[in-house]
Structures are given as structure tokens and as C-alpha cells.
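Chain by chain, the residues:
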Amino acid sequence: WYAGPSLIEARRALSGPPDESWLRGLLGQLLGALEAYHRVGRVHGGLHPAQVMFLADGRALLLGPAAAQRALAGPAMPQGPWTDFHALAQVARYCITGMMPPLVPPATEEPLAATVQRLFFDLPSVRYSDALLRTLDAALSPAMAERPQTAARFREGLDGVKASRVGRSPLEV
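Definitions and limits used
Residues numbered from 1 in each chain as written. Predicted model: local features only at pLDDT ≥ 70, side-chain atom pairs only at ≥ 80, totals over all residues. Heavy atoms only, no water. pLDDT = per-residue confidence, 0-100. Contact = heavy atoms within 4.5 Å. Helix = DSSP H or I, 4+ residues; strand = E, 2+ residues; numbered from the N terminus. Buried < 20%, exposed > 50% of the residue type's maximum accessible area, 1.4 Å probe, protein only. Arc of directions from axis to C-beta. Phe/Tyr/Trp six-rings, centres within 6.5 Å; stacked < 30°, edge-to-face > 60°. Axes fitted to C-alpha atoms, helices over the stretch in contact; angles between N-to-C directions. Parallel < 35°, antiparallel > 145°, perpendicular 65-115°, else oblique. Left-handed = near helix turned anticlockwise from the far one by under 90°. Nonpolar A, V, L, I, M, F, W, Y, C, P; charged D, E, K, R; others polar.

**Q** Looking at this structure, I do not really get the confidence of the model for the protein chain. What am I missing?
**A** Atom-level detail of predicted coordinates should not be read off regions where pLDDT is low. Of all residues in the protein chain, 85% attain a pLDDT of 70 or more, and the chain-wide mean is 85. Note on residues 163-173: pLDDT under 50 across the span, and 25 contacts to partners over four residues away in sequence or across chains.

As C-alpha cells, then:
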């Protein structure tokens with residue numbers, strides 16, 4: 001058993017959105033956990049702000065998977081790493097906006113850069129890099145093929161690394 005605040009409690013305790021360094025640290029830790037699931041052919045399937053808690057030393061802990069629960073709920077869309085990366089981007093959006101992810105993702109979503117500008121227009125300290133926002137927007141795409149397909153591709157997008165293969169974005173396989 002672990003003790004510590006959930007991401008929801010931690011976000012509520014903040015006076016505004018976290019800075020990019022904090023958000024990237026969280027994303028890196030959660031990407032590492034997801035990568036461990038994917039390496040053994042599994043999908044977490046339940047990444048949500050309520051499934052993340054912080055240990056006493058500040059490290060994020062991703063709580064148990066929910067893929068089995070979803071499978072028992074009946075037929076669903078194909079699941080893979082791209083499913084977890086979509087959920088990870090929803091968690092990041094929650095951290096930035098303070099708004100919980102929707103139960104059913106919308107067909108289209110406002111680009112994160114526009115959301116940040118709209119919500120924090122009068123707070124010039126709230127700024128995020130283009131690479132971070134582009135990567136999160138790609139992961140939030142309703143089209144599974146447009147999402148990062150591996151943790152390495154997600155990281156490359158965050159780092160602004162261009163794919164070496166002609167015609168491919170850094171977020172594609």
C-alpha cells in the first residue's frame with residue numbers, strides 16, 4: 001500500500017497550471033510506466049488523473065491497469081499503446097486546464113495551444129513549448145493512426161526531434 005495525494009488533489013492544491021518542467025517530469029514518469037506495460041504486450045487502459053498518485057518523495061505512481069475491466073465491459077475499439085498515449089495527453093490537458101477528461105472523447109477538440117491562450121490570456125507566466133503542445137495534440141487525435149504509436153515516438157515529439165524517415169512525422173511508427 002502506498003500513501004500520498006492523487007493527481008487530482010495535487011492539481012487542486014495548485015493556484016494555477018503547473019510549469020512545463022513539472023509537467024514534463026510527470027509525463028516522463030508516466031511514459032516510463034506505460035512503456036513497461038507495452039514492453040510485455042499489455043495496455044494499461046485506465047490512465048486517468050484519479051489513477052496517478054504522488055509518493056512522499058514526489059515521484060508519480062501509476063495505479064493498476066483497467067484493460068481487463070474494459071474487456072469485460074464488452075466489445076470496444078482496438079486498444080494499443082496509442083490508447084494509453086491518448087489517455088496520457090488527457091491527463092496532461094487536465095493538469096494544464098484543471099478540467100477533467102470527458103467520459104467520451106469529443107470528435108474534435110480545440111488545439112491545446114488555443115485552449116492555453118484562451119484560458120490564461122491574462123497570465124503571461126503560463127506558457128508551454130510548441131513541441132509539448134503539438135505532441136499532446138497529436139496524442140489527443142481521434143484518429144488512432146495520428147497518435148504516437150510508441151513511447152519513444154512520444155518522447156521524440158516532446159523533444160522536437162524530427163523523424164529520420166522522409167514523409168513521416170516524429171509521432172508516426
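Now, onward.
**Q** How do you make sense of the side chain of D84 when you look at a structure like this?
**A** Mapped onto the elements of the fold, D84 is located in helix 4 (residues 81-97). Take D84: its relative accessible area is 1%, and that puts it in the buried class.

**Q** Could you clarify how one ought to interpret helix 5 (residues 112-119) in this entry?
**A** Since the α-helix packs 3.6 residues into each turn, any two residues three or four apart lie on the same face. Of all the residues in helix 5, the buried ones are L112, T115 and V116. Down the axis, helix 5 shows its buried residues gathered within 100° of arc, on one side only. Turned more than 90 degrees away from the buried face of helix 5, the exposed residues are Q117 and R118. Next to the buried residues of helix 5 lie helix 4 and helix 6 (130-139).

**Q** Sorry if this is basic, but what is going on with the environment of P18 here?
**A** Secondary-structure assignment places P18 in the loop between helix 1 (7-13) and helix 2 (20-39). Considering only alpha carbons, one finds P18 and V126, 108 residues apart in sequence, at a separation of 8.2 Å. With residues up to four places along the chain from it excluded, the contact list for P18 reads R11, C95, I96 and Y128.

**Q** Explain the packing of aromatic side chains here, please?
**A** In this description, an aromatic ring pair is defined by two values, namely the gap between the centres and the angle between the planes. Scanning all chains against the criterion turns up 2 aromatic pairs. Centre to centre, the rings of F85 and F154 are 5.6 Å apart; their planes meet at 50°, and the pair counts as tilted. Of the two residues, F85 sits in helix 4 while F154 sits in helix 7 (residues 151-159), which places them 69 residues apart along the sequence.

**Q** What is the right way to look at the packing of helix 2 against helix 6 in this model?
**A** Describing two packed helices takes the angle between their axes plus the distance from one axis to the other. The interhelical angle for the contact between helix 2 and helix 6, taken along N-to-C directions, is 40°, at an axis separation of 12 Å. Relative to helix 6, the element helix 2 lies oblique. When you trace helix 2 past helix 6, the crossing you get is left-handed. Between helix 2, through E20, L23, R24 and L27, and helix 6, the contact on the second element is made entirely by A131, L132 and L136. Taken together, the residues that form the contact of helix 2 with helix 6 break down as 5 nonpolar, no polar and 2 charged.

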